[in-house]
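The chain contents come next:
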Amino acid sequence: MTGFVRTISATGILALALTACGARRDLRPQENAALPVAPYGATATPTPGQLLDPTTQQRPSRSDELLTESKARDDDPFALPPRR
């Protein structure tokens, strides 16, 4: 049983070490590589910076409007009792 526990522990330590070895740097297109083709309907091919900037559809703005007063719920005509 101890050999199994050692194997699991060694595997966990190895997985943890592999996840920590990623390099962080700016993303750039490869040298002499073509950028993706222009999207359908676009007049020009976007630059790498434009491709990396999220659109409002990808990151919508939040609505932080607080509830200022309580309101009673209206009757729901589709809230039917269970069938027997």
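Our subject in this report is the structure included herewith. All of these numbers come straight from a predicted model, not from anything done at the bench.

Thresholds applied
- Starting from 1, residues in each chain are numbered consecutively following that chain's sequence as written.
- Predicted model: local features are reported for residues with pLDDT of at least 70 only, side-chain atom pairs are reported and counted for 80 or more only, and whole-chain, interface and lining totals are derived from all residues.
- Side-chain figures throughout are based on the complete set of non-hydrogen atoms in the structure, without hydrogens or water.
- Helix and strand definitions follow DSSP, with helices as H or I runs of at least four residues and strands as E runs of at least two, each counted in order from the N terminus.
- Relative accessibility thresholds used throughout: buried, under 20% of the residue-type maximum; exposed, over 50%; partly exposed, between the two (1.4 Å probe, protein chains only).
- All accessible areas in this document rest on Shrake-Rupley with a 1.4 Å probe, and a residue is counted as covered only by the protein chains that are shown.

### A closer look at the overall build of the protein chain
Inference 1: When you go through the protein chain residue by residue, the secondary structure sums to two helices and zero strands.
Inference 2: Split into buried and exposed, the 84 residues of the protein chain put 1% on the buried side.
Inference 3: Surface summary for the protein chain: the accessible area is close to 9,500 Å², and the carbon and sulfur share equals 55%.

### Points about unusual backbone geometry
Inference 1: Phi at N32 takes a positive value of approximately 60°, unusual for a residue other than glycine.
Inference 2: Tracing the backbone shows N32 in the loop between helix 1 (2-19) and helix 2 (48-52).
Inference 3: The class of N32 is exposed, set by a relative accessible area of 84%.

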